[in-house]
Amino acid sequence: MRVFVPATIATAIAAVGLSLAAVPGAASTQSTGQGCVSPPGMNYMICNGQRVPKPGNRVASPGGGWREESKQGNCIVVREKTANGEFKESRRCD
């Protein structure tokens, strides 16, 4: 009984300390995008050694289709998919 109680208390304190230290750091890194690296031409970022999708501007319609715009260099790429499954991609370079 003597060994069990101090070990349990020490484990509980360590777990609480780690959880408090880990949660705010992970949330702030992903939300601000600081410290994240994006490989050229890819649609994801690497944050803390993990792949994280780039924040996009995909807008879904109630019928099941969607529209998304992304920037690649000087061009804007528009991707659209209708509810029947038709996919269209267009580029506009200014």
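## Some thoughts on the overall build of the protein
Along the protein, the regular secondary structure elements total one helix and six strands. In the protein, the order of α-helices and β-strands from amino to carboxyl end is α-β-β-β-β-β-β. Out of the 94 residues in the protein, the part that is buried amounts to 13%. Restricting the contact set of the protein to residue pairs at least 6 apart, pairs at least 24 apart contribute 0%. Counting every atom, the protein has about 7500 Å² of accessible surface; 60% of that belongs to carbon and sulfur.

## Overview of the confidence of the model for the protein
Summing up the model confidence of the protein, the mean pLDDT is 75 and the portion of residues at 70 or higher is 65%. Confidence drops under pLDDT 50 across residues 23-31; counting only partners more than four residues distant or on other chains, this segment forms four contacts.

## Remarks on unusual backbone geometry
Here the phi dihedral of Asn48 falls at roughly 55 degrees; this positive angle occurs in a residue that is not glycine. Residue classification places Asn48 among the exposed positions, given a relative accessible area of 62%.

## Section: the sheet that holds strand β6 (residues 87-93)
Reading across from one edge, β3-β4-β5-β6 is the order of the four strands in this open sheet, with antiparallel pairing throughout. Across the chains shown, the open sheet's two edge strands, defined by having one partner strand only, are β3 (59-60) and β6.

## Side note on the pattern of salt bridges
Two side chains that carry opposite charge are able to pair once their charged atoms sit near each other. The final tally for this structure, using the stated rule, is five salt bridges. With a shortest N-O distance of 3.5 Å, Arg58 and Glu68 are connected by a salt bridge. A residue pair is termed long-range when its members are at least 10 positions apart, and Arg58 in the loop between β2 (50-53) and β3 and Glu68 in strand β4 (residues 66-72) qualify at 10 residues. Given a relative accessible area of 18%, Glu68 falls into the buried group.

## Let's talk about the state of the cysteines
Following the criterion strictly, the structure yields two disulfides and no others. With its sulfur 1.9 Å from that of its partner, Cys36 forms a disulfide with Cys47. The sign of the 120 degrees torsion about the S-S bond sets the Cys36-Cys47 disulfide as right-handed. In this pair, Cys36 sits in the loop between α1 (4-32) and β1 (44-47) while Cys47 sits in strand β1, placing the two residues 11 residues apart along the sequence.

## Details of the environment of Gly73
Here Gly73 is to be found in the loop between β4 and β5 (75-81). Taking the C-alpha atoms as reference points, Gly73 and Cys93, separated by 20 residues in sequence, lie 8.9 Å from one another.

Rules behind the numbers
Residues numbered from 1 in each chain as written. Predicted model: local features only at pLDDT ≥ 70, side-chain atom pairs only at ≥ 80, totals over all residues. Heavy atoms only, no water. Helix = DSSP H or I, 4+ residues; strand = E, 2+ residues; numbered from the N terminus. Buried < 20%, exposed > 50% of the residue type's maximum accessible area, 1.4 Å probe, protein only. Contact = heavy atoms within 4.5 Å. Areas by Shrake-Rupley, 256 points an atom, 1.4 Å probe, with all protein chains shown as cover. pLDDT = per-residue confidence, 0-100. Pairing = 2+ DSSP bridges. Salt bridge = Lys/Arg side-chain N within 4 Å of Asp/Glu carboxyl O. Disulfide = S-S within 2.5 Å.

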